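Here is what each chain is made of, one letter per residue.
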Amino acid sequence: MVDDTSRKRTVRGTKIRASREQKEGRKAKKKLARTASSAGERNGDTPLSDPEEVVPEPFVETDAVRSLRDRISGWLEADQPVHLIGPTGCGKTALALSAAAARDRPVVWLNGDEAVDTEALVGSHAGGERYEEHDRYVSGVDKKTQIVRERWVDNPLSVAVREGATLVYNEFSRSDAAAHNVLLSVFEEGVLERPGKRGADRTIDIHPEFRAIVTSNDAEYAGVHEQQDALLDRFIGVHVDYYDAETERELVGAHVALSDADIATIVETTRALRDDLEIVVGTRAAITAAKGLAVFDGHDGDGEFDDETLSRVFTDVLAPKVAGEDGGDIDDLRSQVTEIV
Ligand SMILES: Nc1ncnc2c1ncn2[C@@H]1O[C@H](COP(=O)(O)OP(=O)(O)OP(=O)(O)O)[C@@H](O)[C@H]1O
C-alpha cells in the first residue's frame, strides 16, 4: 500500500532527479527525497541513515575503484572534506556512498537543487506551538493562558554536524552558492550558525566525527552556480573519470545478467560512443543499454547482438540527452549511433 507520506516522497524525488537514467534504483537515491524535503514536512522524520543502508548495491571493487575509494577514505580520516568532480554517470555517487558507509558513522544524504537554500540545509522555525494552561486555584474560576512556543526544525546539515554523521551532498554545485555560506563557518570555525535561531543554541558545535563528501558534475561545476573560492579551497578535490574498460565490464556485469561476450560488446560500444559523440555517455548509459538488451535480445546467427538492435537500444538510451524540434537532433543521433555501431 502506498501511504500518503511515501507518495509525497516519490513526487519530490521525481522533481529533483534530472533524467530517466537517474531514476535507476539505488536505495540511497530514494532517500534524497526525504532529506531534501522542507522543514515542516520532514518533522518527525530523520535524515540520518545507518551506514549499511547506504552501501551501493551492487558495488564492484576493482583495483581502480578501490584506489579511488581509499583516497577518499584517507582524506576523510585526515579530517578533510572531499569534493568529487567528474562527468555524469562515472560513479561519483557510488564512490561517495561506499566511502561514507565504510566510516561506520550515520550518513546524511542531500541532493543539490535550485530549491536548496540556507533553511533547507540548516533548519527553520516551523511555526508556533500553541497550548493552553488552565489555572483553577479558585473553585469555579478557570483562568486560561495561551502560550505560544516557537518550534525549530533542524534540517540535514544541522543534524549531520551535531551527530557526527558523514554528509554526502550530491551535485552540490546545483544549489545556489549563497546557501553554502554556512558551510564556510563549519569548516573554518567548527561551528554551524542557525540563522534566525535565537538564544544560546543559535550555533551548533561540530561533532569531531562530522565529515563531508560533495560531488559535482565537471561540466556544471563552474557553470550552474559558481561556488565561492573560499569554500572550494577548503575541499580536497578528487577528479574522477570513467573507469577503464575492464572495470566498466565488471560494473555492467554486476547489474545485468548477460554473457561476458555480450557485456564486452556493450562496453565497447559505450566507449566508442563516448569518444565520438558530443553528448556524455556514462557508465549508467551502458548499464541501461544492457538492461534493455537483456529484454530485447536481438542476437544474430553468430550469437552476437545484431547491429540494428544495438543501435536502436543505444539511441533510446541516449535520446533524452538530445532535444530537437521536428525530431532533427534525434535523427542525427540515430544515424551517428548506427554509424558508430
Ligand atoms: N563500483 C561500482 N559497482 C557497481 N556499480 C557501480 C559502481 N560505480 C558506479 N556504478 C553504477 O554506475 C552508474 C553510475 O554511477 P553513479 O550514479 O555513482 O555516477 P555519478 O557520477 O554519481 O552520476 P551523476 O553525475 O549522474 O550523479 C550507476 O548505475 C551505479 O550503480
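All figures in this text were calculated on a predicted structure; none of them were measured in a lab.

(A) Spatial organisation of the site of the ligand. In the vicinity of the ligand, 21 residues are found, and the nearest of them are Val 60, Lys 92, Thr 93, Ala 94 and Arg 284. Cys 90 places a polar main-chain atom, nitrogen or oxygen, 3.1 Å from an oxygen atom of the ligand. Contact distances for the ligand include 3.4 Å between an oxygen atom and a side-chain N or O atom of Glu 171. Here the ligand has 620 Å² of accessible area as a free molecule, and 99% of this is covered by the chains. Elements with a contribution of two residues or more to the shell around the ligand: helix 6 (92-102), helix 12 (245-255) and helix 14 (283-296). Per element, the largest residue contribution to the shell around the ligand is three residues, and it comes from helix 6. Tallied by class, residues from the shell around the ligand come to nine nonpolar, six polar and six charged. Of the domains in this structure, domain 1 (4-126 + 152-239) and domain 2 (245-340) are the two that each give at least three residues to the shell around the ligand.

(B) Inspection of the environment of Ser 335 at higher detail. Residue position: Ser 335 is located in helix 16 (residues 328-340). Residue Ser 335 is classed as partly exposed on the basis of its relative accessible area of 43%. Residues Ser 335 and Ser 311 lie 24 residues apart in sequence; the distance between their C-alpha atoms is 8.8 Å.

(C) Layout of helix 9 (residues 181-189). Of the residues making up helix 9, those classed as buried are Val 182, Leu 183, Leu 184, Ser 185, Val 186 and Phe 187. For helix 9, the elements touching its buried residues are helix 7 (118-122), helix 8 (156-163), strand 7 (191-193), strand 9 (211-217) and helix 11 (229-232). Where helix 9 terminates, the next one or two residues include Gly 190, which has phi positive at roughly 75 degrees.

(D) Examining the pattern of salt bridges more closely. Overall, the coordinates contain 16 salt bridges when judged by the stated rule. Where Arg 66 meets Glu 61, a salt bridge forms, and the shortest distance between an N and an O atom there is 3.4 Å. Between Arg 249 and Glu 246 there is a salt bridge, and its shortest N-O distance comes to 3.5 Å. Of the two residues, Arg 249 and Glu 246 both sit in helix 12, three residues apart, roughly one turn of that helix. For Arg 249, a relative accessible area of 32% puts it in the partly exposed group. Take Glu 246: its relative accessible area is 44%, and that puts it in the partly exposed class. Each of Glu 61, Asp 63, Arg 66, Arg 69 and Asp 70 takes part in one network of salt bridges that share partners.

(E) How the structure looks around the sheet that holds strand 3 (residues 107-111). If you trace the six strands from one edge of the open sheet to the other, you get 1-3-6-9-2-10, paired in mixed fashion. Edge positions in the open sheet fall to strand 1 (48-49) and strand 10 (236-239), since each of these has one partner strand only. With four bridges joining them, strand 2 (residues 82-86) and strand 10 adopt parallel strand pairing. What sits directly across from Val 82, in strand 10, is Ile 236.

(F) Summary view of the packing of helix 13 (residues 260-276) against helix 15 (residues 307-318). Direction vectors running N to C along helix 13 and helix 15 enclose 55 degrees, while the axes themselves pass 12 Å from each other. Taken together, helix 13 and helix 15 sit at an angle that is classed as oblique. Where helix 13 crosses over helix 15, the two elements pack in a sense that is right-handed. Two secondary-structure elements touch here, helix 13 through Thr 265, Ile 266, Thr 269, Thr 270 and Leu 273 and helix 15 through Leu 310, Phe 314 and Leu 318.

Rules used throughout
- Residues numbered from 1 in each chain as written.
- Predicted model: local features only at pLDDT ≥ 70, side-chain atom pairs only at ≥ 80, totals over all residues.
- Heavy atoms only, no water.
- Near = heavy atom within 4 Å.
- Polar contact = N/O pair within 3.5 Å; in protein donor to acceptor, adjacent residues only side chain to side chain.
- Areas by Shrake-Rupley, 256 points an atom, 1.4 Å probe, with all protein chains shown as cover.
- Helix = DSSP H or I, 4+ residues; strand = E, 2+ residues; numbered from the N terminus.
- Nonpolar A, V, L, I, M, F, W, Y, C, P; charged D, E, K, R; others polar.
- Domains from an automatic or database assignment.
- Buried < 20%, exposed > 50% of the residue type's maximum accessible area, 1.4 Å probe, protein only.
- Contact = heavy atoms within 4.5 Å.
- Salt bridge = Lys/Arg side-chain N within 4 Å of Asp/Glu carboxyl O.
- Pairing = 2+ DSSP bridges.
- Axes fitted to C-alpha atoms, helices over the stretch in contact; angles between N-to-C directions.
- Parallel < 35°, antiparallel > 145°, perpendicular 65-115°, else oblique.
- Left-handed = near helix turned anticlockwise from the far one by under 90°.

Scope: geometric values only; no functional claims are made or implied.
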